[in-house]
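Here is what each chain is made of, one letter per residue.
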Amino acid sequence: MSSATASSDDVPHQAARVDSERMTRDAWMILAFVCGAWIFDAADSTIYSLTIPSIKDEFHISLAAMGWIGTVFMGGAALGSFLMPYIAERFGRRWGMAGCIGIYSVFTGAVGLAWGAVSVGIARLMTGLGTGGERPISPTSCRPCSPGLKPRESRSSENGPTVPECGNASWAFIARAP
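Residue positions are given per chain, counting from 1 as you read along its sequence in written order. This being a predicted model, a pLDDT of at least 70 is required before a residue's local features are given, and a value of 80 or more before pairs of side-chain atoms are given or counted; all residues contribute to the totals for chains, interfaces and linings. To obtain the side-chain values, all non-hydrogen atoms of the structure were included, while hydrogens and water were left out.

Participant: Even after reading the chapter, I still don't get the overall build of the chain, so can you show me in this structure?
Facilitator: Think of it this way: any DSSP run of H or I at least four residues long counts as a helix, any run of E at least two long counts as a strand, and we number them from the N terminus. A tally of regular secondary structure across the chain gives six helices and zero strands. Secondary structure elements in the chain, listed N-terminal to C-terminal, are α-α-α-α-α-α. Only protein chains enter the accessibility calculation, which uses a 1.4 Å probe; a residue whose area is less than 20% of its type maximum is buried, one above 50% is exposed, and one in between is partly exposed. Counting over 178 residues, the chain shows a buried share of 33%. Contact criterion: two residues are considered in contact whenever any of their non-hydrogen atoms come within 4.5 Å of each other. Of the contacts formed within the chain by residues at least 6 apart in sequence, a portion of 76% connects residues at least 24 apart. Under the convention used here, a 1.4 Å probe and the Shrake-Rupley method define accessible areas, while residue burial counts only the protein chains that appear. A total of about 10,900 Å² of accessible surface is found on the chain, and carbon and sulfur atoms cover 67% of it.

Below, the structure written as structure tokens:
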């Protein structure tokens, strides 16, 4: 039997395996939780982008200072993307995601309570910490729940998911939806 014949004979068995592995209730809950995190992350970015002129005028902050506040946010996001996944692996991805969402939710609100450029910068630093942590944790939270994928089929590196994998976890859910 040639290898072409052997691989074509396996196709019906593979299709039956994927069809029998439907999304569970827990998998749907995880997907909803992660999608909610992505929505709140996008909302934070949108809200802050729309309020930059008001923040600048309210606190009489120069454009250079606003640039530094943006840089501080990105620094917090970079720090969060390294620190928060380790915390999530130690205490569980569910608690890691909840912690990240809590951090960026509280500190996004703290920007509204800020009294000057320094407090806005500190709040944005902490918002970045939560946002930066959520981005690598969310695809790895979805990956084990994806039906039909074995843990060995993941393309994650030792340090976390690759950039294309962020979309792969979502597509795996969508492809297997009833």
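Participant: What am I meant to see in the pattern of salt bridges here?
Facilitator: Between side chains of opposite charge, a pair can form when the charged atoms approach closely. Salt bridge, as applied in this entry: a Lys or Arg side-chain nitrogen positioned within 4 Å of an Asp or Glu carboxyl oxygen. Tallying each qualifying case throughout the model produces three salt bridges. Residues Asp-41 and Arg-135 are paired through a salt bridge, measuring 3.1 Å at the closest nitrogen-oxygen approach. Of this pair, Asp-41 sits in helix α2 (residues 25-59) while Arg-135 is found in helix α5 (residues 117-142), placing the two residues 94 residues apart along the sequence. Across the pair Arg-124 and Asp-44 runs a salt bridge, and its minimum N-O distance is 3.2 Å. Note that Arg-124 is positioned in helix α5 and Asp-44 in helix α2, a separation of 80 residues in sequence. Neither Arg-124 nor Asp-44 differs from the other in exposure class; each is buried.

Participant: Teacher, can you tell me more about α2 here?
Facilitator: An α-helix turns once every 3.6 residues. As a result, residues three or four positions apart point the same way. Here α2 is 35 residues long and its end C-alpha atoms lie 48 Å apart, about the 51 Å a rise of 1.5 Å per residue gives. Note that the bend at a residue is defined as the angle between axes fitted to the seven residues ending at it and the seven residues starting at it. At Thr-51, α2 shows its largest bend, some 50 degrees, and a proline, Pro-53, comes one to four positions later. Downstream of α2 by a residue or two, His-60 has a phi angle that is positive, lying close to 55 degrees. Each helix should span, by expectation, one fewer than its residue count multiplied by 1.5 Å.

Participant: Would you mind going over the packing of α2 against helix α3 (residues 63-91) with me for this structure?
Facilitator: Between two packed helices, the angle of one axis relative to the other and the distance separating the axes together describe the packing. Working convention: axes come from line fits to C-alpha atoms, limited for helices to the stretch in contact. Angles between N-to-C directions cover 0 to 180 degrees. Contact geometry for α2 and α3: axes closest at 11 Å, N-to-C directions at 155 degrees. With respect to α3, the axis of α2 lies roughly antiparallel. The interaxial crossing formed by α2 with α3 has right-handed handedness. Together, Asp-44, Tyr-48, Ile-52, Ile-55 and Lys-56 of α2 and Leu-63, Met-66, Ile-69 and Phe-73 of α3 make up the contact between the two elements. Throughout, the ten residues Ala, Val, Leu, Ile, Met, Phe, Trp, Tyr, Cys and Pro are labelled nonpolar, Asp, Glu, Lys and Arg are labelled charged, and all others, Gly among them, are labelled polar. In terms of residue class, the contact of α2 with α3 is built from seven nonpolar, no polar and two charged. We call two directions roughly parallel when the angle between them is under 35 degrees, roughly antiparallel when it is over 145, roughly perpendicular when it lies between 65 and 115, and oblique otherwise. Left-handed is the label given to a crossing in which the near helix is rotated counterclockwise from the far helix by less than a right angle, and right-handed is the label when the rotation is clockwise.

Participant: Help me understand the packing of α3 against α5, please; the structure alone is not making it clear to me.
Facilitator: Across the interface, α3 lies against α5 with an axial gap of 5 Å and an inter-helix angle of 40 degrees. Comparing the axis directions of α3 and α5 gives the class oblique. At the point where α3 passes α5, the crossing takes the right-handed sense. Classifying every residue of the contact of α3 with α5 by side-chain character gives 15 nonpolar, nine polar and one charged.

Participant: Even after reading the chapter, I still don't get the side chain of Ser-138, so can you show me in this structure?
Facilitator: Locating Ser-138 in the fold gives a position in helix α5. By the criterion applied in these results, polar contacts are pairs of N or O atoms within 3.5 Å in which, for protein atoms, one can donate a hydrogen and the other can accept it, and in which residues neighboring in sequence qualify only through two side-chain atoms. A polar side-chain atom of Ser-138 sits 2.8 Å from a polar atom in the side chain of Trp-38. In contact with Ser-138, not counting residues within four places along its chain, are Val-34, Trp-38 and Met-97.

Participant: Help me out: how do you make sense of α3 in this one?
Facilitator: Here α3 contains 29 residues, and its C-alpha end-to-end distance of 40 Å stays within 8% of the 42 Å for a straight helix at 1.5 Å per residue. Roughly 35 degrees is the biggest bend found in α3, and it falls at Gly-80. Of the positions making up α3, those classed as buried are Met-66, Ile-69, Phe-73, Gly-76, Ala-77, Gly-80, Met-84, Pro-85 and Ala-88. In this fold, the buried residues of α3 make contact with α2, α4 (93-112) and α5.

Participant: When you look at a nonpolar patch on the surface in this model, what are you seeing that I'm missing?
Facilitator: On the surface, a cluster of nonpolar side chains totalling about 550 Å² of accessible area is made up of Leu-79, Leu-83, Ile-87, Phe-91 and Trp-95. Take the nonpolar patch: its biggest share by element is four residues, from α3. Owing to a relative accessible area of 34%, Ile-87 belongs among the partly exposed residues under this scheme. Exposure above 30% relative accessible area and the lack of any salt bridge qualify a residue for a patch; like charges then connect within 9 Å, and the nonpolar side chains Val, Leu, Ile, Met, Phe, Trp and Tyr within 5 Å.

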